[in-house]
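An overview of the molecular structure
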Amino acid sequence: MKLDSKIPEGPIGDKWTKHKFKLKLVNPANRRKYDIIVVGTGLAGSSAAASLGEMGYNVKVFCFQDSPRRAHSIAAQGGINSAKNYRNDGDSVYRLFYDTVKGGDYRAREGNVHRLAEVSVNIIDQCVAQGVPFAREYGGLLDNRSFGGAQVARTFYARGQTGQQLLLGAYSALERQVNEGTVKQYTRHEMLDVVTIDGIAKGVVVRDLVTGEIESHSAHAVLLCTGGYGNVFYLSTNAQGCNVTAAWRAHKKGALFGNPCFTQIHPTCIPVSGDHQSKLTLMSESLRNDGRVWVPAKPGDKRVAADIPEGERDYFLERKYPSFGNLVPRDVASRNAKEMCDEGKGVGASGLAVYLDFADSIKRLGEDAVRAKYGNLFDMYAQITGENPYKTPMRIYPAVHYTMGGLWVDYNLSTTVKGLYALGEANFSDHGANRLGASALMQGLADGYFVIPATLSDYLAEIGPKAVDKNHPAFAEAVKSVKDQTAKLLAINGKKTANEYHKELGKIMWEYCGMARNAEGLKKAQKLIQELRADFWKNVKVSGEAEDLNPNLERAGRVADFLELGELMVVDALNRNESCGGHFREEYQTDENEAQRDDDHYAYVAAWEYKGDNQPEELHKEDLVFENVKLTQRSYK
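Summarised in this report is the structure supplied together with it. (Residues numbered from 1 in each chain as written. Predicted model: local features only at pLDDT ≥ 70, side-chain atom pairs only at ≥ 80, totals over all residues. Heavy atoms only, no water.)

Taking 1.5 Å per residue, 13 residues should reach 18 Å; helix H9 (residues 330-342) reaches 18 Å between its end C-alpha atoms and fits that length. For H9, the buried fraction is high: 10 of the 13 residues fall into the buried class. Where H9 is concerned, the buried positions are Arg 330, Asp 331, Val 332, Ala 333, Ser 334, Arg 335, Asn 336, Ala 337, Met 340 and Cys 341. Structurally, H9 contributes buried residues whose contacts are with strand E11 (263-269), strand E12 (292-296), strand E13 (313-314), helix H8 (316-320), strand E14 (354-357) and strand E15 (394-403). Immediately downstream of H9, the backbone of Gly 344 shows phi near 90 degrees, a positive value. (Helix = DSSP H or I, 4+ residues; strand = E, 2+ residues; numbered from the N terminus. Expected span 1.5 Å × (residues − 1). Buried < 20%, exposed > 50% of the residue type's maximum accessible area, 1.4 Å probe, protein only. Contact = heavy atoms within 4.5 Å.)

It is worth spelling out the side chain of Gln 77 at this point. Mapped onto the elements of the fold, Gln 77 is located in the loop between strand E2 (58-62) and strand E3 (80-81). A residue is classified by how much of its surface remains accessible, and Gln 77, at 15% relative accessible area, is buried. A distance of 3.1 Å separates a polar atom in the side chain of Gln 77 from the backbone nitrogen of Gly 163. At 3.2 Å, the side chain of Gln 77 forms a polar contact with the backbone nitrogen of Gln 164. Excluding anything up to four places from it in sequence, Gln 77 contacts Arg 145, Arg 159, Gly 160, Gln 161, Thr 162, Gly 163, Gln 164 and Ser 284. (Polar contact = N/O pair within 3.5 Å; in protein donor to acceptor, adjacent residues only side chain to side chain.)

With a phi close to 60 degrees, Tyr 106 is a non-glycine residue in the positive phi region. Along the polypeptide, Tyr 106 turns up in the loop between helix H4 (93-103) and helix H5 (110-129). Notably, Arg 188 is not glycine yet its phi reads approximately 55 degrees, a positive angle. With respect to the helices and strands, Arg 188 occurs in the loop between strand E5 (183-186) and strand E6 (189-197).

Read these as layout, nothing more, since geometry by itself doesn't imply function.
If you want it as structure tokens, here you go:
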């Protein structure tokens, strides 16, 4: 299989504009003849469904939550990047492009990233027009703050609620189209398969999570906007319902999976407190603007923070990276926090935490000013830990947060299955091996509001508006396949719950494919996952009925997919004999313990093709070409 990224030729700044002009259009009168399915209602899904509905297409939008407003995009609260340069501090579209390519450790496509930087400028105007209450300076202009991996202030924010406010804007646009009749909304429906006819996506199979009924829906194109797969680790900052099922079922129908081992560890998470937890809570990266990260200078120092004088503290990020300080990218901050704890300098009862201290900022700005910026985050921390972060430093530790891997897509956001598209975190395209903070919201809205409305029309114009044959045998076959798997899960009647298997998988993934990896551990993990998956299909206990409300059945299906994805992640990590971004192989690091890339052999996207149950997947490579950014060893010093 030859991968064609469809990156336009010409200067980097002209690619998107010229490409849009060359794309075929569907005239307004013909748009009502096309049906489009959107799966997922986060920022990418809601913005895509709202935009396509407003253009005149017939849209069906599906989510497994009881409301589109409950999509996990609400949890990305720190901010959204845009190259508007309101601060006049040297920002530009090109600088955002450069910072993103560098932040991704030179494992992202230049063309996609530059388009993202271009479109970022329009996103803010769109959201302001929708009434998103961005923070403003005294004079009324939109305010900005800094985020990791950048030396300029380009992050727009709404206190610590940015994701929530942006999603409410997209949700309002979506519900307007529902009211207009261009969008039909299906809540509490989970996608379980893609229907393909002659290898072309023509619909989906979904389960009504309230009644248990299996339904099929046809369309001229299917858009997957279903987020990332971080919950393969069980404990992550993702909501417990986040899963890989829609993307994985598409993968098994022919959509290649790109860079699955590229997962992001976020440095500012509230540390694990015990085995009772089902998820972890993130403290926004925005806190690193005003908080200082430190540990005791001497290993084994168990004094409380207030008893450790300034001269006996190690502000290790400021010490090691003077240019960026506490605002180094997430992968760098996470590895350094782990390193400090490994040296015995960790704080708290477990020793697996570092301090995030606001004492200097409160002294300089006043508590009221800090409260105005971060009040809800501080309140959240106090409720979870029982400690007052205005008086004592927060304790933080890295945790799984975001996945840069996902379904492989070309420049038009099309997967390798014609008619099937992937947007937002569900695709692999814009972040390389590490995502800069405040870029997830940017990518989701860029894909939904500005990219897919332009690129989808080219495909629709090509296939024409002829109605999809809903009676084609492929629909019945896909429904039967889903029902057969459901019956298989219910018939096992074993002794262990799906949740128990999920926990075991998570421990394997975190231990051997987490913040640090090595060949020996990855080989061991692959064997352990294979054994765990075989035991799952012999011994899982799924109670309840198929045709009823059954959360146990939902979870079992999702865990089954995680067990397959987990092995692919391990295989991908084992195949990539280098360190880059969030993929840190212990065998490949510099003398200063930084990630050591191998550009001669691994400057490519790893795109994996499904070859059948329990069969090794086939690797396809998309070579990455760098014409505008020089490949260098990343440095934030």
